[in-house]
Amino acid sequence: MVQSSAADNGLVKSLGNGMSCESHAFTSAEQSSQQGDVVSSSPYSQGNGFNTAQIASKRSVLIGPNSALSFDEPLYIVRGRGQYLYDAEGIQYLDCCNNVAHVGHCHPKVTAAVTKQLETLNTNSRYLHDKLVVLAEGITRKMPEPLQVMYAVCSGSEANDLALRVARANRPGAWHVAVMEGAYHGHTTATLDLSPYKFDGPGGMGKPPHVHVLPCPDVFRGRNLDGQAAAQAAVDAAHKAGGHISAFFCESILSCGGQVVLPAGYLQQVYDVMHQAGAVCIADEVQCGFGRVGSHFWGFELQSVVPDMVTLGKPIGNGFPMGAVVMTPKLAQGFSNGMEYFNTCGGCTGAAAAGVAVLEAIEEDQLQQHAHEVGTYLIQQLEGLQKDYPCIGHVRGMGLFVGFELVIPESQKPAPGTAKFVKEAMKARKVLVSTDGHHNQVIKIKPPMCFDKSNVDTLIANLTDLLKPGVPAAVQEIDRAYDPNKKSTRIQNTTWQAMPANGLQGV
């Protein structure tokens, strides 16, 4: 059912602006609980009565100011189930963009597995435990034959950070890295350097001199489609700077870049050039892995390539903080140089239990095939919508990894104002989508994998109802005034420019 909202006009105005190990004795709180008393004196129980405004006010003081919220009027979400989220008033929202809850919010199998493991034991990987090797066997079984060794970490950022370390350990003397325009590979210091999405955005310091950026292929406009030329230019730039490329990182489908499906054969062209230059090729599957693309289990399989390393995160634990790096035995041996690798929580028993349960849920619920069938239907419906509403310039994606680009129809120029309007207006209709892309002009749809055809119908019906009256004039003005060729407003920092010209010579 279409959920119309009178809030659309208002949206236009906002667009411009424990137990002791020794004694096994219960704590006093546990004793009270055992006796049936309600323990209410703890300061940590006081938040149970906060309303949305109180939480937002406290968050603005207590939480870092650049910790973003998804909407202009934030949602107070208290519960999730499958492809739905529920706010504090019990209002249901259709979640079309949360790809972390891969097999569904609070999937019973994953919830039960983690709960049971945490009730039994949660400790680190310095002890033998069956679930860690079962997880590694399950993941490597899905990989091409050379990729048979796994390292466990706590997030996708950690996975990419570790992959960079491994590449450099195996490529002594090489320090330069090649990445894709618009890429995001993590929030650590090292991975921010690999993320044009961040270093070219607000607050970014610009491209570091040891990083070389391949232009994002734009199939919609027919630009930057030659992978060989792009890769060779990066290799040549590194040599001109006196260095060598140690690694090439690429999401198998470019996520923050705007849900960009690479042209057929593109990665093979890039890999050939990079391998000839001695670089390690790394597939970032943090967002697109684990069957999301439908036709294949891993996104890189769409390009018929075999990476040297694969990094995993987000969906691997269905929300449990974990990640992994999978590589060839040769790379693992090159990394094993005498320094121990240890990650306190990476590979802990709780994480391993979550990861195993996710793999089982994908197979038992047939979610890869489901993603293929529902994703095909979703793209068909969006393409139908595109015929009626020319502000939808391009529909793209695979499986349940989908985006549609919003444009000014007469010029095909990106329309970030329209994208924000759609995001906020759909939220008012209790349907959650988000934006991405170089200009935040792409609506991304990456829901939990249990998202079904009836959910597609709900999404399309609400989009139709929203777009039928036309994009509001005030929003169109914002888009017409937007200059896509102007760099994002950001703090101008001359750190890289101030570095001596020979600061990275020889690496």
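Quick caveat, the model's predicted, so the values are computed rather than measured.

Moving on to a nonpolar patch on the surface. Among the surface-exposed residues, Val 61, Leu 62 and Ile 63 lie close enough to one another that they form a single nonpolar patch of about 330 Å² accessible area. The topology assignment puts Leu 62 in helix 3 (residues 52-62).

Applying the stated criterion to the full structure yields 11 salt bridges. Across the pair Asp 72 and Lys 420 runs a salt bridge, and its minimum N-O distance is 3.4 Å. Here Asp 72 is found in the loop between helix 3 and strand 1 (77-81), whereas its partner Lys 420 is found in helix 14 (residues 416-428), with 348 residues between them in sequence. A salt bridge links Glu 363 to Lys 142; its shortest N-O distance comes to 3.6 Å. In this pair, Glu 363 is assigned in helix 12 (residues 349-364) and Lys 142 in the loop between helix 5 (130-141) and strand 4 (149-153), connecting sequence segments 221 residues apart. One salt-bridge network, held together by shared partners, links Asp 218, Arg 221, Arg 396 and Glu 405.

The next point concerns the layout of surface pockets. The volume enclosed by the second largest pocket comes to roughly 300 Å³. Put simply, the parts of the chain that give the lining of the second largest pocket at least two residues each are helix 5 and strand 4. Of the residues contributing to the lining of the second largest pocket, the split by class is 10 nonpolar, 7 polar and 2 charged.

Next up on the list: the packing of helix 9 (residues 227-240) against helix 10 (residues 266-276). The contact between helix 9 and helix 10 brings their axes to 7 Å, and the two run at 30°. By the angle between their directions, the pair helix 9 and helix 10 is classed as roughly parallel. Between helix 9 and helix 10 the crossing geometry is right-handed. When helix 9 is examined against helix 10, the residues Gly 227, Gln 228, Ala 230, Ala 231, Gln 232, Ala 234 and Val 235 are found in contact with a partner set consisting of Tyr 266, Gln 269, Val 270, Val 273 and Met 274. Taken together, the residues that form the contact of helix 9 with helix 10 break down as 8 nonpolar, 4 polar and no charged.

Quick look at the nonpolar core now. Leu 214, Phe 248, Met 274 and Leu 312 are the most contacted members of the largest nonpolar core, which has 94 residues in total. Setting aside residues no more than four positions away along its own chain, Met 274 makes contact with Ala 178, Ala 231, Ala 234, Val 235, Ile 245, Phe 248, Ala 279 and Cys 281. Within the second largest apolar cluster, 23 residues are counted, among which are Ala 159, Val 166, Ala 247 and Phe 249.

Overall, the prediction assigns the protein chain a mean pLDDT of 90, with 86% of residues at 70 or greater. Between residues 12-39, whose pLDDT stays under 50, and residues either more than four places distant or in other chains, the model counts 25 contacts. Scored below 50 in pLDDT, residues 489-507 makes 37 contacts in the model with residues more than four places away or belonging to other chains.

Conventions we followed
- Residues numbered from 1 in each chain as written.
- Predicted model: local features only at pLDDT ≥ 70, side-chain atom pairs only at ≥ 80, totals over all residues.
- Heavy atoms only, no water.
- Patch = residues over 30% accessible without salt bridge, like charges linked within 9 Å, V, L, I, M, F, W, Y side chains within 5 Å.
- Areas by Shrake-Rupley, 256 points an atom, 1.4 Å probe, with all protein chains shown as cover.
- Salt bridge = Lys/Arg side-chain N within 4 Å of Asp/Glu carboxyl O.
- Helix = DSSP H or I, 4+ residues; strand = E, 2+ residues; numbered from the N terminus.
- 1 Å grid on protein atoms, 1.4 Å probe; cavity = no way out; pocket = protein on both sides within 12 Å on 5 of 7 lines; lining within 4 Å.
- Points joined across faces, edges and corners; volume = space filled by probe spheres on them.
- Nonpolar A, V, L, I, M, F, W, Y, C, P; charged D, E, K, R; others polar.
- Axes fitted to C-alpha atoms, helices over the stretch in contact; angles between N-to-C directions.
- Parallel < 35°, antiparallel > 145°, perpendicular 65-115°, else oblique.
- Left-handed = near helix turned anticlockwise from the far one by under 90°.
- Contact = heavy atoms within 4.5 Å.
- Core = buried A, V, L, I, M, F, W, Y, C linked by side-chain atoms within 4.5 Å.
- Buried < 20%, exposed > 50% of the residue type's maximum accessible area, 1.4 Å probe, protein only.
- pLDDT = per-residue confidence, 0-100.

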